[in-house]
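# Notes for the structure review
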Amino acid sequence: MIDYNNKDYFIDKNKGVDIVYKNDSLLYEVNSKYQNIKVFKNELFGKILVIDDDLQLTDLDEHNYHEMIAHVPINFIPNTENVLIIGGGDGGTAREVLRHKNIKKVDQIEIDIEVVKTCKKYFPGLSISYDDSRMNLIIENGSTWVDNNLILKKKYYD
């Protein structure tokens, strides 16, 4: 029987079903201004990113999410050059967007710098996007940024 208060487990709680991950260890935990961020190590899934007790991604399968969220819209919109990402502090969506050679500029709005710092340290394959010269990371509330830039950037992004 699983002790749900045991730190050896991460439980992804959902309506009707809980998914239990047996952890080798808790690698990192920080409380940012906005949320609790944890990184676990798991034998099967690799590192696991959890924010406010909600599983965000694992090393093993993060590409399934990031590839779909990036490549589908880019391949649908002809000649995409300028992309806006709101959120995505792990860097994975930007990594996939930047695989397209036609992309000239990515503006990513992320509210929590701690997510970016955590992912740079523990998920460097995701956060490699931050080293690309076409990438512009803006630390700000996404809704506020859109409100402040709606008219100025209205026709800028594809």
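Residues numbered from 1 in each chain as written. Predicted model: local features only at pLDDT ≥ 70, side-chain atom pairs only at ≥ 80, totals over all residues. Heavy atoms only, no water.

### Describing helix H1 (residues 62–76)
For an α-helix the count is 3.6 residues per turn, leaving residues at separations of three or four pointing the same way. Threshold: Numbering of helices and strands runs from the N terminus, with a helix taken as a DSSP run of H or I at least four residues long and a strand as a DSSP run of E at least two residues long. Given a helix with a known number of residues, its expected span is that number minus one, times 1.5 Å. The angle between axes fitted to the seven residues ending at a residue and the seven residues starting there is what we call the bend at that residue.
For H1, built from 15 residues, the straight-helix expectation of 21 Å at 1.5 Å per residue is met to within 8% by its first-to-last C-alpha distance of 22 Å. At Met68, H1 shows its largest bend, some 25°.

### Quick notes on the pairing of strand S2 (residues 17–22)
Going by this rule: When DSSP finds at least two bridges between two strands, those strands are taken to pair.
With 6 bridges joining them, strand S1 (residues 9–14) and S2 adopt antiparallel strand pairing. Within S2, the residue paired with Phe10 across the bridge is Tyr21. The antiparallel pairing of S1 with S2 creates a hairpin that spans 2 residues between the two strands, and Gly16 there sits at a positive phi of about 90°.

### Let's talk about the nonpolar core
Convention followed: We define a nonpolar core as any set of buried Ala, Val, Leu, Ile, Met, Phe, Trp, Tyr and Cys residues linked to one another through side-chain atoms lying within 4.5 Å. Residue burial is assigned from relative accessible area. The probe radius is 1.4 Å, only protein chains are included, and a residue is buried under 20% of its type maximum, exposed over 50%, and partly exposed in between. What makes two residues a contact is simply this: any of their non-hydrogen atoms within 4.5 Å.
The biggest cluster of nonpolar side chains holds 12 residues, and these are Ala70, Ile74, Val83, Ile85, Ala94, Val97, Leu98, Ile103, Val106, Val116, Tyr130 and Met135. Of all elements in the fold, only H1, strand S7 (82–86) and helix H2 (92–97) reach the threshold of two or more residues within this core. Ignoring any residue separated from it by four or fewer positions in sequence, one finds Val83 in contact with Val97, Ile103, Lys105, Val106, Asp107 and Tyr157. Counting 11 residues, the second-largest nonpolar core is a separate cluster that includes Val39, Leu49, Ile51 and Tyr122.

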